[in-house]
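# Reading the structure
Read off the chains here:
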Amino acid sequence: MIRRLKKINPRVLISHLIITLAYPAVRGYTAGPGGLTLFTDALTITGLVLIIGGIAYSFVLLGDFDISSFTLRRGVKRSDPEKPMDFKKFERDRREERENSFNYPLFLGIVYIIVSVILAYFVI
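We now turn to the structure provided with this report.

Conventions we followed
Residues numbered from 1 in each chain as written. Predicted model: local features only at pLDDT ≥ 70, side-chain atom pairs only at ≥ 80, totals over all residues. Heavy atoms only, no water. Helix = DSSP H or I, 4+ residues; strand = E, 2+ residues; numbered from the N terminus. Buried < 20%, exposed > 50% of the residue type's maximum accessible area, 1.4 Å probe, protein only. Contact = heavy atoms within 4.5 Å. Areas by Shrake-Rupley, 256 points an atom, 1.4 Å probe, with all protein chains shown as cover. Axes fitted to C-alpha atoms, helices over the stretch in contact; angles between N-to-C directions. Parallel < 35°, antiparallel > 145°, perpendicular 65-115°, else oblique. Left-handed = near helix turned anticlockwise from the far one by under 90°. Salt bridge = Lys/Arg side-chain N within 4 Å of Asp/Glu carboxyl O. Phe/Tyr/Trp six-rings, centres within 6.5 Å; stacked < 30°, edge-to-face > 60°. Core = buried A, V, L, I, M, F, W, Y, C linked by side-chain atoms within 4.5 Å. Nonpolar A, V, L, I, M, F, W, Y, C, P; charged D, E, K, R; others polar. Expected span 1.5 Å × (residues − 1). Arc of directions from axis to C-beta.

This part takes up the overall build of the protein chain. If you tally the helices and strands in the protein chain, you get 6 helices and 0 strands. Order of helices (α) and strands (β) in the protein chain, N terminus to C terminus: α-α-α-α-α-α. Sorting the 124 residues of the protein chain into buried and exposed places 23% on the buried side. A sequence separation of at least 24 residues applies to 75% of the contacts in the protein chain between residues at least 6 apart. Working note: accessible area of the protein chain is about 9100 Å², and carbon and sulfur atoms make up 66% of it.

Let's shift gears to the packing of helix 2 (residues 10–30) against helix 6 (residues 104–123). Where helix 2 contacts helix 6, the axes come no closer than 11 Å and their chain directions differ by 55 degrees. Classified by the interaxial angle, the pair formed by helix 2 and helix 6 is oblique. When you trace helix 2 past helix 6, the crossing you get is right-handed. Where helix 2 abuts helix 6, its residues V12, L13, H16, L17, T20 and L21 lie against Y104, F107, L108 and Y112.

What follows deals with the pattern of salt bridges. What the rule picks out here adds up to 1 salt bridge. The salt bridge involving E91 is made with R95; its shortest N-O contact spans 3.7 Å. On the criterion of helical spacing, the pair formed by E91 and R95 is a turn pair, its members being 4 residues apart in helix 5 (residues 87–99).

Glancing now at the packing of aromatic side chains. Aromatic ring pairs are reported here in terms of the distance separating the ring centres and the angle at which the planes meet. Within the structure shown, the criterion is met by 3 aromatic pairs. For the ring pair F102 and F107, a centre distance of 5.6 Å and an interplane angle of 70 degrees mean the geometry is edge-to-face. Taken together, the ring pairs in this structure connect F102, Y104 and F107 into an aromatic cluster.

This part takes up the nonpolar core. In terms of nonpolar packing, the biggest core is built from 7 residues, these being L13, L43, L50, F102, Y104, L108 and Y112. At the level of elements, helix 3 (35–62) and helix 6 are the ones that each hand at least two residues to this core. For this core, the element with the most residues is helix 6, which contributes 3 residues. In contact with Y104, not counting residues within four places along its chain, are K7, I8, N9, V12, L13 and H16.

The next subject is the packing of helix 3 against helix 6. With their axes 7 Å apart at the nearest point, helix 3 and helix 6 run at an angle of 155 degrees to one another. One way to sum up the angle between helix 3 and helix 6 is to call them roughly antiparallel. Of the two elements, helix 3 crosses helix 6, and the hand of that crossing is left-handed. Its residues assigned to classes, the contact of helix 3 with helix 6 comprises 17 nonpolar, 8 polar and no charged.

Once that is clear, we can look at helix 5. For helix 5, which comprises 13 residues, the first-to-last C-alpha distance of 18 Å matches the rise-based estimate of 18 Å (1.5 Å per residue) to within 8%. For helix 5, the full list of buried residues reads F90, R94 and R98. The arc enclosing the buried residues of helix 5, seen along the axis, measures out at 70 degrees, which places them on a common side.

Below, the structure written as structure tokens:
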């Protein structure tokens, strides 16, 4: 677990934070008197959507779609018959990419749900 947290790239994390917090922040700011309640609701919805996307992305990180991706790429690159694609090389490259990646949507979705629960319980 801690080993995976060391893979967090601050630049990517900040860009994900800015993009995913834009809707809840605007929704809470434009609401007026009930802004914190609407911010919490929007943050909960954003968190749930990110968790669903993070679960789908975790399937990609586990390699469940490698054969589909290989077949699609091989079909697209059919124009070069002299260099056929090798699945073992493709799988090895994908495994290296997966080892260096982090599931930002799932992480941020869980953080957003925790923050919205804390805000709803203690502040509102």
